[in-house]
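In case you want the letters, here they are:
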Amino acid sequence: MTTIADRLALAQQRIAAAAKNCVRNPEEIQLLAVSKTKPIEDILAAYNAGQRYFGENYVQEGQQKVEALQQTCPDIVWHFIGPLQSNKSRIVAEYFDWMHTVDRAKIAERLNSQRPADKAPLNVCIQVNISGEDSKSGVIDKDSMLALAKQIAALPNLNLRGLMAIPSHADENQLAEELSTMQQLFATLKLGYASVDTLSMGMSDDLELAIANGSTMVRIGSAIFGERDYSAKAN
Ligand SMILES: *Cc1c(COP(=O)(O)O)cnc(C)c1O
């Protein structure tokens, strides 16, 4: 039987091997452990194995976990990676350190005004709808990315850190093309903003290719925590 600590170590090895393959420093690539639907004990198991970055998709569930762990694990860095309705933005602004899915000015403005004054600016990534699928959120091209970046950069309680994408997995060629386009968009954004250092891209099944295309943060859930059970889930 493998433990969460074993699977975490395996994920780190995959990242290191992928980095080595494309002559990158593995330390440039963060592992974000996606703990959505998983219990506190699982997060603690990963924490005790050294993991500090955790990603959550659901606002209420995330809030409960942050509250439950803030005494025991004050150095966890919490990332919100799910779709966000504007009426729930306050919870993200108050409880999370990072927000990966900013896709419109309205959300950015709400997060900025709701960020508590005693907290560091909220780190944000702009979500890019790289596959162009209607079902996915995100800005759709370079111009809309740059326009949103400009709006975010003007908000004092947000810190623009980079881009996030969920590519389609329709076929290999399309995936490669999407990841490469993301790398170009990231390079363009970096030119304009010194704070930009994060390309949040790559999941369990495409992390090698994502790293070859410049990803600096891969988001891994089931490969660490096992398959998810959504049956008991209420958002
Ligand atoms: C759930 C989720 C992940 C992790 O997916 P796994 O297949 O469990 O590795 C990564 N990114 C986002 C945005 C997610 O919602």
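Quick caveat: nothing in here was measured; it's all calculated off a predicted structure.

**Considering unusual backbone geometry**
The backbone of Val-23 sits at a positive phi, close to 55°, despite the residue not being glycine. Locating Val-23 in the fold gives a position in the loop between α1 (4-21) and β1 (30-34). With a phi close to 70°, Thr-37 is a non-glycine residue in the positive phi region. Residue placement: Thr-37 occurs in the loop between β1 and α2 (40-48).

**Some details on the site of the ligand**
Within the structure, the ligand sits among 13 residues, and Lys-36, Asn-57, Ser-204, Ser-222 and Arg-228 are positioned closest to it. Contact distances for the ligand include 2.7 Å between an oxygen atom and a side-chain N or O atom of Lys-36. Contacts to the ligand include Ser-222, whose backbone N or O atom sits 2.7 Å from an oxygen atom. For the ligand, the accessible surface in isolation is 380 Å², of which the surrounding protein chains cover 87%.

**Remarks on the state of the cysteines**
One pass over the full model with this rule turns up 0 disulfides. Of all cysteine sulfurs in the structure, the one in Cys-125 sits closest to Cys-22, which takes part in no disulfide; the separation is 20 Å. With a relative accessible area of 25%, Cys-22 lands in the partly exposed category.

**Here's the deal with the packing of α2 against helix α3 (residues 59-69)**
The relative placement of two packed helices comes down to the angle between their axes together with the axis-to-axis distance. Contact geometry for α2 and α3: axes closest at 11 Å, N-to-C directions at 55°. The angle between the axes of α2 and α3 places the two elements in the oblique class. When the axes of α2 and α3 are compared, the crossing they make is right-handed. Residues Ile-40, Ile-43 and Leu-44 of α2 touch α3, and the partners they reach there are Lys-65, Ala-68 and Leu-69. In terms of residue class, the contact of α2 with α3 is made up of 5 nonpolar, no polar and 1 charged.

**Some remarks on the side chain of Asn-57**
Summarising the element assignment, Asn-57 is placed in the loop between β2 (53-56) and α3. Discounting chain neighbours no more than four positions away, the residues touching Asn-57 are Val-34, Lys-36, Phe-80, Ile-81, Gly-82 and Pro-83.

**Focus: the UniProt feature "domain: Alanine racemase N-terminal" (unreviewed entry) in the protein**
Residues annotated by UniProt as "domain: Alanine racemase N-terminal" (unreviewed entry) correspond here to residues 26-228. For residues 26-228, the helix share is 39%, the strand share is 20%, and the end-to-end C-alpha distance is 28 Å.

**Let's talk about α3**
An α-helical turn contains 3.6 residues, so a residue and the one three or four places further along point in the same direction. When α3 is considered as a whole, its buried residues turn out to be Val-59, Glu-61, Gly-62, Gln-63, Lys-65, Val-66 and Leu-69. Tucked inside the fold, the buried residues of α3 contact α2, β2, β3 (77-80) and α4 (89-95).

**Concerning the pattern of salt bridges**
A full pass over the atoms with the stated rule returns 9 salt bridges. Ionic pairing is found between Glu-28 and Arg-24, a salt bridge with its closest N-O pair at 3.1 Å. Residue Arg-52 pairs with Asp-75 through a salt bridge whose shortest N-O separation is 3.0 Å. With Arg-52 in the loop between α2 and β2 and Asp-75 in the loop between α3 and β3, this pair connects stretches of sequence that are 23 residues apart.

**What about helix α7 (residues 172-192)?**
Given a rise of 1.5 Å per residue, 21 residues ought to cover 30 Å, and the 31 Å separating the end C-alpha atoms of α7 matches this to within 8%. Along α7, the residues that are buried comprise Leu-175, Glu-178, Leu-179, Met-182, Leu-185, Phe-186 and Leu-189. All buried residues of α7 fall inside an arc of 120° around its axis, so they share one side. Turned more than 90 degrees away from the buried face of α7 sit Asn-173, Glu-177, Gln-184 and Leu-191, all of them exposed. Against β5 (122-128), α6 (142-153), β6 (158-165), β7 (198-200) and α8 (207-212) lie the buried residues of α7.

Cut-offs applied
- Residues numbered from 1 in each chain as written.
- Predicted model: local features only at pLDDT ≥ 70, side-chain atom pairs only at ≥ 80, totals over all residues.
- Heavy atoms only, no water.
- Helix = DSSP H or I, 4+ residues; strand = E, 2+ residues; numbered from the N terminus.
- Near = heavy atom within 4 Å.
- Polar contact = N/O pair within 3.5 Å; in protein donor to acceptor, adjacent residues only side chain to side chain.
- Areas by Shrake-Rupley, 256 points an atom, 1.4 Å probe, with all protein chains shown as cover.
- Disulfide = S-S within 2.5 Å.
- Buried < 20%, exposed > 50% of the residue type's maximum accessible area, 1.4 Å probe, protein only.
- Axes fitted to C-alpha atoms, helices over the stretch in contact; angles between N-to-C directions.
- Parallel < 35°, antiparallel > 145°, perpendicular 65-115°, else oblique.
- Left-handed = near helix turned anticlockwise from the far one by under 90°.
- Contact = heavy atoms within 4.5 Å.
- Nonpolar A, V, L, I, M, F, W, Y, C, P; charged D, E, K, R; others polar.
- UniProt positions renumbered as here; feature names shortened; annotations may be inferred.
- Salt bridge = Lys/Arg side-chain N within 4 Å of Asp/Glu carboxyl O.
- Expected span 1.5 Å × (residues − 1).
- Arc of directions from axis to C-beta.

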